[in-house]
Amino acid sequence: MVRAIKIGRLNCLCEFSAGIEKIAYVLYPMNFLSGWISGAADRYGINIVVITGMEWEDVFSPWPAKGVPDGSPDFKGESPEFLKQLQTSVIPKLEETFGLTAPTERTLVGISMSGLFSMWQWLVCDTFDNIASLSGSFWYEGFVDWVRAHTSVSKRGKAYFLLGKQESRSNVKAFNSVADDTREIVAFLKSRGINTEFESVPGNHYSDPLPRLEKAFTALYG
């Protein structure tokens, strides 16, 4: 049974089952996954938490940068603060509430800007074992160079990436590099011996949201 929990401004939809020690957190831009979460948790044999209600461009930007597209508010670079909130407040409260005292595996799933955040946090901490980044905003100013600088990175978990084939054809020039940026990050992780999978799928940035989530969960838990 899906349960809704409010933590500050964050809305958390939770599906927990007794005896299951794996958990996936999904940072989602819209609140319409209540009909999906229960079936998905059962299909993949995991606990799932879907978190919404974030200031999307602020908490998922790893450092301040000029707004995109032109004329948009600048990115505030609040990822470090949001990661701390997850680590010290959100995750402990939810897992304690549902009796998950020692999860065997945590996964973070992000879409667009939260896909950028998923990758960023994976290189700065070990809170999550696995990540999935769907249409991750890897065009973000300086991000690929920042990833490249982590030459000593080592991860035992898995990274899954998905990108629509039409995403690099955006009318916004800054987005045009996203396919090359994603492939470069995937190649970098593979060169470090990290279990990494990439899927290029039909459609643009907004296509097929639920089928894309299913692809990510199948890759990680299927």
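Residues numbered from 1 in each chain as written. Predicted model: local features only at pLDDT ≥ 70, side-chain atom pairs only at ≥ 80, totals over all residues. Heavy atoms only, no water.

A. Spotlight on the side chain of Ser135. Structurally, Ser135 can be placed in the loop between strand 6 (130–134) and helix 5 (143–148). Given the relative accessible area of 4%, Ser135 is considered buried. For Ser135, the contacting residues outside a window of four places in its chain are Ser112, Leu162, Leu163, Gly164, Glu167, His205 and Arg212. (Helix = DSSP H or I, 4+ residues; strand = E, 2+ residues; numbered from the N terminus. Buried < 20%, exposed > 50% of the residue type's maximum accessible area, 1.4 Å probe, protein only. Contact = heavy atoms within 4.5 Å.)

B. Here's a closer look at the pairing of strand 6. The element strand 6 is extensively covered by neighbouring structure, given that five of its five residues are classed as buried. Of the two faces of strand 6, the one lined by Asn130, Ala132 and Leu134 and the one lined by Ile131 and Ser133 are each fully buried. In terms of strand pairing, strand 5 (residues 105–111) meets strand 6 through five bridges, oriented parallel. Bridge pairing links Val109 to Ala132 in strand 6. Since strand 5 and strand 6 lie parallel, the crossover through helix 4 (residues 113–124) that links them has a hand, and here it is right-handed. Where strand 6 meets strand 7 (residues 158–164), four bridges bridge the pair, whose relative direction is parallel. Each bridged residue has a counterpart across the sheet, and for Ala132 the counterpart in strand 7 is Tyr160. (Pairing = 2+ DSSP bridges. Right-handed = clockwise from strand over helix to strand, strands pointing away.)

C. Region of the structure containing the nonpolar core. Counting residues in hydrophobic clusters, the biggest one holds 52 residues, and the most contacted among them are Ile51 and Met119. For this core, the element with the highest residue contribution is helix 4, accounting for seven residues. Each residue touching Met119, except ones within four places of it in the same chain, is listed here: Ile131, Phe138, Phe143, Val147, Phe161, Ile185 and Leu189. Counting 26 residues, the second-largest nonpolar core is a separate cluster that includes Val26, Ile37, Val109 and Ala216. (Core = buried A, V, L, I, M, F, W, Y, C linked by side-chain atoms within 4.5 Å.)

D. A look at the pattern of salt bridges. What the rule picks out here adds up to nine salt bridges. One salt bridge in this structure joins Glu199 and Lys215, with 3.7 Å as the shortest N-O distance. Of the two residues, Glu199 is situated in strand 8 (residues 195–201) and Lys215 in helix 7 (residues 209–221); the sequence distance between them amounts to 16 residues. Its relative accessible area of 34% is what places Lys215 among the partly exposed residues. One salt-bridge network, held together by shared partners, links Asp145, Arg148 and Glu184. (Salt bridge = Lys/Arg side-chain N within 4 Å of Asp/Glu carboxyl O.)

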